[in-house]
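Descriptive structure summary
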Amino acid sequence: MEEHLQEDLASLSDLDEKSLLESLTGRFSHNHIYTYIGDILVAVNPFKQLPLYEKEVSERYKCREKSSLPPHIFAVADRAYQSMLGRLGTGPKNQCIVISGESGAGKTESTKLLLRQLMELCRANSQLEQQILQVNPLLEAFGNAQTVMNDNSSRFGKYIQLRFQNSSVKGAKINEYLLEKSRVVHQDEGERNFHIFYCMLAGISPQDKEMYVFVVHCVKICIDLNSVMTQEKVDMMTILAGILSLGNITFETTDSDAVKVSEKSQGWLKATAGQFGVQEEELLRCLTCTMSVTRGESIHRLHNQQQAEDARDSIAKVVYGRVFGWIVSKINELLSHKLDSDVALSEIGILDIFGFENFAVNRFEQLCINLANEQLQFFFNHHIFLMEQNEYKEEGIQWETITFKDNKPILVGYRSVPLTRCLALFELFFNLQATDGNFVDKLNSKFKANPHFEVVKSHSPLFTIVHYAGKVQYNASGFLEKNRDNIPANIRALFINSVTPLLSVLFAATISRTGTLMPRKAKVCSTMKPLVYHCHAKCPMQHSLAVLMEKMFAASPHFVRCIKPNSSKLPDQLDSKLVMDQLRYNGLLETIRIRREGFSWRPFFKEFVQRCISILNTTELRGWKCGSSRLFFKYWHQEELARLLERLGKAAVVIQKNYHAMSCRRKYLVLLAEVRRQQQAQREREMEEEMRMRRQLLEEEERKRQLFMEQENKSKREHSFVTRKPWAFLNLGQATPFDNDLQVNTDLMKLLGQSGDEERAKEKRKKRNNTIRWFKETQVRKVARNGTFPCWFHGMITRRQAEDLLIDKPLGCFLIRVGQSREGYTLTYRGADRCRHYMIEMQSNGKYVILGEDRAHSSLPDLVQYHTQVGIEPLMELLTIPCGQVSSASAVSKASFLHKKFYIITFS
Ligand SMILES: Nc1ncnc2c1ncn2[C@@H]1O[C@H](COP(=O)(O)OP(=O)(O)OP(=O)(O)O)[C@@H](O)[C@H]1O
């Protein structure tokens, strides 16, 4: 790959600002917006849609080695997820992903992409995952606004904690920081209010807009939290409408120097009171005077016009801030309902906090935002430079110190007061009701020794802080008054008693030390009675940042550094100076150096031995070092070891799989042998039973034969002159099995004669004779085996005779007879409810087939044999035992049949 398209800047051969910028520019021009610096991801905002986030891309980045695919934000998500589960050579540990960059650099988009990929990685409870992704538009509607830097700028910071049990997400929590409430009452040129207000007004008729009666319309917007009831949604929209109405109230001074609501905005006062659910007079009183309590006595101080306007704005900001806090607490309720407090959970936190800001006029919000960014930069420096280099020193690793731009003095002070104290100072002054000028004087005297503070000589209350990202001049005019969002007690009492239940709950709520709104049921109190409330956290930013830092320091960090390519928000344009400034103040050159020469993975011996020792000797890793209590690896070593561990894990799975297969197969073979043994025993039992039955049958036959012989001898003795030899049949020339039909035939003839239908009788006789001839000439050899007819073969008997023979026989007992009027056979058997008769046809190829069956057979015994196994269509009944020829015939006919049989043997 060409050097300027190098995917990992830590492997650049020439390392200076120029080559770094060239590399990023080259990659950007090829739409490669992501680049690694070792394990850190640099993301340049493309300001256009790129085909980088489709489903198949997301799939490709699941559980893959970082180096096997181009740099991507999805790889960061995968790495954090695998590290949290302990799959990257270290044990399971909480992770945090810190996304930084200036406003519009792409932090929020990166956060959304990370969330999406993390949800993809842990597909388990799809409803919760969907909810985590769905709350984002709601948060953006209330917390984002158009600024000159970014059309969808987050005007609050958020730390999203995703909580996992094993590999699936079980809940989430959003921590919000520093909502820019002043935006509700004031927007600089080219900027707008929070998106929610425009959403509310979209699609509303001009008339309704005029009156701000848009509550019903507004409920339609994307607020669909399960935990927010319809009444609460309506209340919330009514309160937002109240904020807008409040903003339209203007004041004027009367002749007696008193302040009053201007004539033209009387209607707005009424509308506001209605929407806030409070008495109009009481709202007016709160706007035009302040009530305080001194030694149990309430003192009313009338406002001048400016103070009345400040009171109006304070109310709007506080109410909006509380609505936002309430939304976040509702979201957290929704996302945490599956959390079980007894179960140990792992966590991945994603920090998306507003970027560094430097506007024409920078106010208190910018001071807070920039100090928060200082904290983040300190966190980055601490992890990448301080901690790492300290460990080299402590562990005796040879190392040439890399210097970096340390912003520690801003935050903790070095022989000077740390600048974060100015927030505390601000708080102090705020409570003392001091002026902006006093405040700046105090700052000047307190911080003049701090190298990051500059005194500004001006009539305006200005001061400058030299941040890690550059100098920012702050204007303190209105700092104190404009940030009066800890409202006086009378206003709080007014809202607690509001008939709009949600407003009442919002003002009864307490604010935690970290600034989180903690709603609780409102207790109605008298507005007349002056109340003194203790506000626990008037400026909770410092505390909440400290809590955040504590969480982040306890986790393994992953860094995403977002870069804004141009200020015009245009695609395919990269302003080298702007990018260079960001690279510089982000300390990226030093970062590359430390990633190239340093050891980003430094596990303790114990941690390493537990997981990786088994493979260390099998690798060919070069360049790792051993300290006194830790091992020192390059960032790619960790991946290499993780890959080997994965291979080892897979091999272990294969071994386990084969072992289980082998032991299961053994068990199976034992079981199979037992089943076969039991089947064999069963078969033997059945065969024995069959043999026994056959023997019984033969004995029976023998007994009957004896009986018959005895009767025959007796008859011979009685009619010694008549010796009926079987040959007599021969003389008749038709001594065949059909002779058992002779008697019937004669009877039939008689009957026919009696009826006088001589012709039909003749015809029948003719057909019968033809059939007999057919049988003798073509069938005898086929049906008889070794000169004997099978016992089921009954010659030409009638249907009635066949049924008589089978009437008391068991199910499936069968016989075959020759058709009387056609050349063919009939199969008769004992069915479930009656005897059944099936015609057997002779095919031209000499095969036999039961009409209606598909299968033809080469002989009748084959046909019989087959249907003892396969049922006959359509009833699928089986043939079971043959019906012997003499079972129901008279002794004489039995005898003749035996003779016939005998004769046929001779004949054939
Ligand atoms: N990966 C990306 N692909 C396409 N467009 C992007 C990408 N990242 C950012 N953008 C574009 O840049 C705009 C600004 O990005 P984003 O809102 O994430 O910036 P930010 O750093 O969060 O800014 P702020 O600090 O003001 O909230 C987005 O609205 C989007 O249009």
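Scroll up to find the structure.
This write-up is about the structure you can find in this document. These numbers were taken from a predicted model, which means no experiment stands behind them.

Let's shift gears to the overall build of the protein chain. When its secondary structure is counted, the protein chain shows 30 helices and 25 strands. Split into buried and exposed, the 908 residues of the protein chain put 49% on the buried side. A separation threshold of at least 6 residues defines the contact pool for the protein chain, and within that pool the share at least 24 residues apart is 65%. Carbon and sulfur atoms provide 53% of the accessible area of the protein chain, an area that totals close to 45,200 Å².

Under the definition given, this model contains 41 salt bridges. In this structure, aspartate 39 and arginine 595 form a salt bridge, with 2.5 Å as the shortest nitrogen-oxygen distance. Taken together, the residues aspartate 39 in the loop between strand S1 (34–37) and strand S2 (40–44) and arginine 595 in helix H22 (residues 588–597) connect sequence positions 556 residues apart. Overall, aspartate 39 belongs to the partly exposed group, its relative accessible area being 23%. Each of Asp39, Glu388, Glu391, Arg595, Arg602 and Arg630 takes part in a single network of salt bridges with overlapping partners.

Near the ligand you find 19 residues, and of these Asn45, Ser103, Thr108, Ser153 and Ser154 are the closest. In this structure, an oxygen atom belonging to the ligand sits 2.5 Å away from a side-chain N or O atom of serine 153. About the coverage of the ligand: the protein hides 88% of its 630 Å² of free accessible area. Broken down by secondary-structure element, the contributors of at least two residues to the shell around the ligand are helix H4 (107–121) and strand S5 (153–154). Per element, the largest residue contribution to the shell around the ligand is 3 residues, and it comes from H4.

If you walk through the whole model with that rule in mind, you get 0 disulfides. Cysteine cysteine 791 is unpaired, with the sulfur of cysteine 883 as its nearest cysteine sulfur at 8.6 Å. Given a relative accessible area of 36%, cysteine 791 falls into the partly exposed group. The thiol of cysteine 813 is unpaired, and the distance to the nearest cysteine sulfur, on cysteine 883, comes to 4.6 Å. With relative accessibility at 1%, the residue cysteine 813 sits in the buried group.

Next up on the list: the sheet that holds S1. Spatial ordering of the open sheet is given by S1-S2-S18-S3-S12-S6-S7, a layout of 7 strands whose pairing is mixed. The open sheet has two free edges, formed respectively by S1 and strand S7 (168–177), since each of these has just one partner strand. Each strand axis lies, on average, 20 degrees off the axis of its neighbour in the sheet, ignoring direction. Across 4 bridges, S2 lies against strand S18 (residues 556–563) in parallel orientation. Each bridged residue has a counterpart across the sheet, and for valine 44 the counterpart in S18 is isoleucine 563.

Attention shifts here to empty space enclosed by the protein. Applying the stated criterion across every chain yields a total of 6 cavities of 30 Å³ or more. Estimates place the volume of the largest cavity at around 70 Å³. Every residue along the wall of the largest cavity is listed here: Ser100, Gly101, Glu102, Phe356, Asn373, Leu376, Gln377, Tyr468, Arg561, Tyr585 and Asn586. A breakdown of the residues in the lining of the largest cavity according to their chemical character gives 4 nonpolar, 5 polar and 2 charged. Its boundaries defined by the atoms lining it, the second largest cavity holds a volume of some 50 Å³. Lining the second largest cavity are Leu115, Ile132, Val135, Asn136, Leu139, Ile160, Ala172, Ile174 and Leu335.

To continue, consider the sheet that holds strand S15 (residues 470–475). One open sheet holds the 3 strands; their spatial order is S13-S14-S15, and the pairing between them is antiparallel. The open sheet has two edge strands, strand S13 (453–455) and S15, and neither has a second partner. Shown here is a sheet whose adjacent strand axes are inclined to one another by a mean of 25 degrees, direction ignored. Taken together, the 3 bridges between S13 and strand S14 (residues 462–467) define a ladder with antiparallel strand orientation. Looking at S14, one finds that valine 455 is bridged to phenylalanine 463. Contacting S14 and S15, helix H13 (residues 364–395) runs over the sheet at an angle of about 20 degrees to S14.

Let us now look at the pairing of S18. The element S18 is largely enclosed, with a buried count of 7 among its 8 residues. Where strand S3 (residues 95–100) and S18 come together, 6 bridges link them in parallel fashion. The residue bridging glutamine 95 from the neighbouring strand is serine 556, located in S18.

Okay, the packing of helix H3 (residues 73–84) against H4 next. Remark: H3 packs on H4, axes separated minimally by 9 Å, with the N-to-C direction vectors making an angle of 50 degrees. Overall, the two elements H3 and H4 adopt an arrangement that is oblique. Where H3 crosses over H4, the handedness of that crossing is right-handed. Taking contact as the criterion, the partners of Ile73, Phe74, Val76, Ala77, Asp78 and Tyr81 in H3 are, on H4, Ser110, Leu113, Leu114, Arg116, Gln117, Leu118 and Leu121.

Pairs of aromatic rings are described using the distance from one ring centre to the other and the angle between the two planes. The full count for this structure, using the stated rule, is 31 aromatic pairs. The interplanar angle of 50 degrees and the centroid separation of 5.6 Å between the aromatic rings of tyrosine 392 and phenylalanine 632 together place this pair among those described as tilted. Of the two residues, tyrosine 392 sits in helix H13 while phenylalanine 632 sits in strand S20 (residues 631–632), which places them 240 residues apart along the sequence. Tyrosine 392 sits in the buried class, given a relative accessible area of 0%. In textbook terms, an aromatic cluster arises when at least three aromatic residues are bridged by ring pairs, as seen for Trp774, Phe775, Phe789, Phe793, Tyr825 and Tyr848.

Criteria and thresholds
Residues numbered from 1 in each chain as written. Predicted model: local features only at pLDDT ≥ 70, side-chain atom pairs only at ≥ 80, totals over all residues. Heavy atoms only, no water. Helix = DSSP H or I, 4+ residues; strand = E, 2+ residues; numbered from the N terminus. Buried < 20%, exposed > 50% of the residue type's maximum accessible area, 1.4 Å probe, protein only. Contact = heavy atoms within 4.5 Å. Areas by Shrake-Rupley, 256 points an atom, 1.4 Å probe, with all protein chains shown as cover. Salt bridge = Lys/Arg side-chain N within 4 Å of Asp/Glu carboxyl O. Near = heavy atom within 4 Å. Polar contact = N/O pair within 3.5 Å; in protein donor to acceptor, adjacent residues only side chain to side chain. Disulfide = S-S within 2.5 Å. Pairing = 2+ DSSP bridges. Axes fitted to C-alpha atoms, helices over the stretch in contact; angles between N-to-C directions. 1 Å grid on protein atoms, 1.4 Å probe; cavity = no way out; pocket = protein on both sides within 12 Å on 5 of 7 lines; lining within 4 Å. Points joined across faces, edges and corners; volume = space filled by probe spheres on them. Nonpolar A, V, L, I, M, F, W, Y, C, P; charged D, E, K, R; others polar. Parallel < 35°, antiparallel > 145°, perpendicular 65-115°, else oblique. Left-handed = near helix turned anticlockwise from the far one by under 90°. Phe/Tyr/Trp six-rings, centres within 6.5 Å; stacked < 30°, edge-to-face > 60°.

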